Structure formats: structure tokens, C-alpha cells
Amino acid sequence: MKTILQSETITVPENVTVECRNRCVRVTGPRGSIHKEFVHAPIQITKKGNQVTVSYWGGDRKQNALVHTVYTRIGNMITGVLRGYRYKMRSASAHFPIIIAISDDKKVVEVKNFLGEKRSRFIPLAEGVTAERSTANKDEIFLEGIDVENVGLMAAQIHQSILVKHKDIRKFLDGIFVSEKGHLDDE
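Predicted, not measured: the structure shown is a model, and the values here were computed from it.

In this section: the overall build of the chain. The helix and strand tally for the chain stands at two helices and 13 strands. Its C-alpha radius of gyration of 20 Å places the chain more than 25% over the 16 Å reference for a compact globule of 187 residues. The principal-axis extents of the C-alpha atoms in the chain amount to approximately 60 × 40 × 25 Å. Relative to its full complement of 187 residues, the chain shows a buried share of 37%. Here the chain has roughly 11,200 Å² of accessible surface; of this, 51% comes from carbon and sulfur atoms. For the chain, the distance from the average site of its 28 positive side-chain charges to the average site of its 22 negative ones is 5 Å.

In C-alpha cells form, the structure reads like this:
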């Protein structure tokens, strides 16, 4: 069944500016700026006053879901420039301790001694994402940034870089896992 008009409206906070042009959205706030292009989606993005509206005319279920997806992504961009995102990752090992090293510029994460292997794994971080070592726990790192998609992507790449292969995963439970997701101002 077709819906005549599917629309979602976001209220923009006062210290955030949103620019919409040709399905390209730029959100600027106190922590920085994020730019995303939604040219693949046949939707309308309009801004009137302090409200951004995402709409689609005459859509079925999938197009209506696309409207909500774009609405949520713009909301995540606004939250990112206001509060930022922080993922906490912890390493778990049974016998060989996993060593996590972070470069001086906080742009590369190095994982050593996974299951006693000599090979090091280097994970370069995406633009806008920084890594930081925890002061409370030696086996915990923080991934921080304003774009939740990039922060989540880097957490997934670190986790997938040391997956256990050709062994029983019920026995070999070593790895680096996301233990907590939150915002930068939740300290």
C-alpha cells in the first residue's frame, strides 16, 4: 500500500547550524562539522527555520523506511557535533596477553601478541576518529569522534583484525570487544 506523504521532522538546537542543498547535508556545531551526501536516496530534505524535514511522496514500505533512515542519520550528525561519541573497547585473553599500542598522533592502533603470534596488526583510523588508552585499565582503549559511523566502523575493524581462525571459537575466546558505547560528555 502506498503512503501519500511520509515525512519526519528534526528540531535543530540553537548552537547547531544545518545546511541542506541538493540532498547534501552539512551540520556544524561546537565540536566540529560533518558533511554527508544522500544523493542515492530519492527524497526531499528541506530546512525551514530551526526544523529539517525529510519527506517522500507516494512511497511504499521501503521508501518510507528510507525516510526514517535518513532522518536518523541526520539526528546522529547533530548529536555528534553537540556531544561526540566514545566507544570503549577491552581486550580479553586466556593465556597470551594482547598488547594494544597507539601511535603518538593517535591515528594508528597496533595489536601485538595475539595468541602468541609474532605478527603485529596495524589498523589506521578513519578521519576524525582518535584512539586513547584508558588510565584505569591497561587492557582498555577509547575510540572517540563526532561521526558515529566512522567510530563504529573503526571499532569493527579492530575487532575483526584479530578474529580466531581455524580453531574452536568456543575454546579460544581471545579478542578485543566493544564494552560500552556512549558520548564524550558522559564522564
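Under the criterion given, the structure shown has zero aromatic pairs. The ring centre of Phe142 lies 4.7 Å from the NZ or CZ of Arg86, which sits over that ring. Over the ring of Phe172 we find Lys167, and its NZ or CZ is 5.9 Å from the ring centre.

Looking now at empty space enclosed by the protein. Taken as a whole and judged by the stated rule, the model has one cavity of 30 Å³ or more. Its volume calculated, the largest cavity comes out at about 30 Å³. Every residue along the wall of the largest cavity is listed here: Lys36, Arg73, Asn76, Met77, Ile146, Asp147, Val148 and Glu149. Its residues assigned to classes, the lining of the largest cavity comprises three nonpolar, one polar and four charged.

Between its terminal C-alpha atoms helix H1 (residues 61-82) stretches 32 Å, which fits the 32 Å expected from 22 residues at 1.5 Å a residue. All of the buried residues in H1 are Asn64, Val67, Val70, Ile74, Met77, Ile78, Gly80 and Val81. Downstream of H1 by one or two residues, Gly84 has phi in the positive range, about 75 degrees.

Our focus in this paragraph is the UniProt feature "domain: Large ribosomal subunit protein uL6 alpha-beta" (unreviewed entry) in the chain. In this structure's numbering, the residues bearing the UniProt feature "domain: Large ribosomal subunit protein uL6 alpha-beta" (unreviewed entry) are residues 12-84 and 109-175. Split by type, residues 12-84 is 30% helix and 42% strand. Its first and last C-alpha atoms lie 16 Å apart. Strand forms 28% of residues 109-175 and helix 21%; the C-alpha atoms that close the span are 14 Å apart.

Here we take up the pattern of salt bridges. Two side chains that carry opposite charge are able to pair once their charged atoms sit near each other. For the structure shown, the criterion picks out nine salt bridges. Here Glu149 makes a salt bridge to Arg73, at a shortest N to O gap of 2.8 Å. Of this pair, Glu149 sits in helix H2 (residues 148-161) while Arg73 is found in helix H1, placing the two residues 76 residues apart along the sequence. Put simply, Asp139 and Arg90 hold a salt bridge, and the shortest N to O gap is 3.2 Å. Taken together, the residues span a long stretch of sequence, with Asp139 in the loop between strand E11 (130-133) and strand E12 (140-145) and Arg90 in strand E7 (residues 85-92) at a distance of 49 residues. By relative accessible area, Arg90 is classed as partly exposed at 32%.

About the criteria used
Residues numbered from 1 in each chain as written. Predicted model: local features only at pLDDT ≥ 70, side-chain atom pairs only at ≥ 80, totals over all residues. Heavy atoms only, no water. Helix = DSSP H or I, 4+ residues; strand = E, 2+ residues; numbered from the N terminus. Rg over C-alpha atoms; globule rule 2.2 N^0.38 Å. Buried < 20%, exposed > 50% of the residue type's maximum accessible area, 1.4 Å probe, protein only. Areas by Shrake-Rupley, 256 points an atom, 1.4 Å probe, with all protein chains shown as cover. Lys, Arg positive; Asp, Glu negative; His and termini not counted. Charge placed at Lys NZ, Arg CZ, Asp CG, Glu CD. Phe/Tyr/Trp six-rings, centres within 6.5 Å; stacked < 30°, edge-to-face > 60°. Lys NZ or Arg CZ within 6 Å of the ring centre and 35° of its normal. 1 Å grid on protein atoms, 1.4 Å probe; cavity = no way out; pocket = protein on both sides within 12 Å on 5 of 7 lines; lining within 4 Å. Points joined across faces, edges and corners; volume = space filled by probe spheres on them. Nonpolar A, V, L, I, M, F, W, Y, C, P; charged D, E, K, R; others polar. Expected span 1.5 Å × (residues − 1). UniProt positions renumbered as here; feature names shortened; annotations may be inferred. Salt bridge = Lys/Arg side-chain N within 4 Å of Asp/Glu carboxyl O.

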